[in-house]
Amino acid sequence: SYGHSILDLFQHYASLLLAAATNTESPGPLQFSAMILEITSLGFLFVVLLQENDASFEEQIDEDSCPIDLYDILEDDEEVAKLSPKEKEKLETCIVLEEKERSTLSFVEEEEEKQRQFDESGDSSVNVM
């Protein structure tokens with residue numbers, strides 16, 4: 001018998017699970033899974049350490065980013081002549097994105113200005129009795 005109530009049965013079941021989990025001679029499936037995950041994690045650690053180069057993350061060039069001197073590059077005919085078609089296309093895309101961002105910012109600023117003017121003019125028309 002495992003006790004007089006269901007709680008006694010659960011207590012016995014928990015003690016059996018604890019005994020199986022801490023058995024060093026015969027590891028259970030959870031211990032085996034944990035060991036596999038640990039070995040896999042260490043494998044990935046070694047791969048990262050082997051492939052790590054001297055450049056830090058901040059020093060690496062982001063190929064998708066737009067250059068700061070975008071308009072200066074496009075105004076200089078010599079620089080434009082040096083660019084590949086792919087680089088020219090990237091710069092044109094950067095210009096389109098920047099123009100969209102500027103138009104969005106100007107729209108937001110106009111809306112804020114309208115709201116501020118409305119708020120200022122709206123206060124004077126309120127009658128208090």
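Cut-offs used in this document
Residues numbered from 1 in each chain as written. Predicted model: local features only at pLDDT ≥ 70, side-chain atom pairs only at ≥ 80, totals over all residues. Heavy atoms only, no water. Helix = DSSP H or I, 4+ residues; strand = E, 2+ residues; numbered from the N terminus. Contact = heavy atoms within 4.5 Å. Areas by Shrake-Rupley, 256 points an atom, 1.4 Å probe, with all protein chains shown as cover. Salt bridge = Lys/Arg side-chain N within 4 Å of Asp/Glu carboxyl O. Buried < 20%, exposed > 50% of the residue type's maximum accessible area, 1.4 Å probe, protein only. Patch = residues over 30% accessible without salt bridge, like charges linked within 9 Å, V, L, I, M, F, W, Y side chains within 5 Å. Lys, Arg positive; Asp, Glu negative; His and termini not counted. Charge placed at Lys NZ, Arg CZ, Asp CG, Glu CD. pLDDT = per-residue confidence, 0-100.

## Digging into the overall build of the protein chain
No. 1: When helices and strands are tallied, the protein chain shows 5 helices and 0 strands.
No. 2: Each helix and strand of the protein chain, ordered N terminal to C terminal, gives the series α-α-α-α-α.
No. 3: Taking all contacts inside the protein chain whose residues are at least 6 apart in sequence as the whole, residues at least 24 apart take part in 33%.
No. 4: Here the protein chain has roughly 12,100 Å² of accessible surface; of this, 60% comes from carbon and sulfur atoms.

## Some thoughts on the pattern of salt bridges
No. 1: By the definition in use, this model includes 3 salt bridges.
No. 2: Where Arg116 meets Glu113, a salt bridge forms, and the shortest distance between an N and an O atom there is 2.1 Å. On the criterion of helical spacing, the pair formed by Arg116 and Glu113 is a turn pair, its members being 3 residues apart in helix α5 (residues 85-124).
No. 3: The class for Arg116 is partly exposed, based on a relative accessible area of 41%.
No. 4: Note on Glu113: relative accessible area 31%, which makes it partly exposed.

## Comments concerning a negative patch on the surface
No. 1: On the surface, a cluster of negative charge is contributed by Asp69, Asp72, Glu75, Asp76, Asp77 and Glu78.
No. 2: Among the secondary structure elements, those contributing two or more residues to the negative patch are α3 (70-75) and α4 (77-82).
No. 3: Secondary-structure assignment places Asp72 in helix α3.

## Observations regarding the confidence of the model for the protein chain
No. 1: Looking at the protein chain as a whole, the pLDDT averages 77, with 81% of positions reaching at least 70.
No. 2: Taken element by element, the predicted model of the protein chain shows its lowest mean pLDDT in α3 (73) and its highest in helix α2 (residues 29-51) (84).

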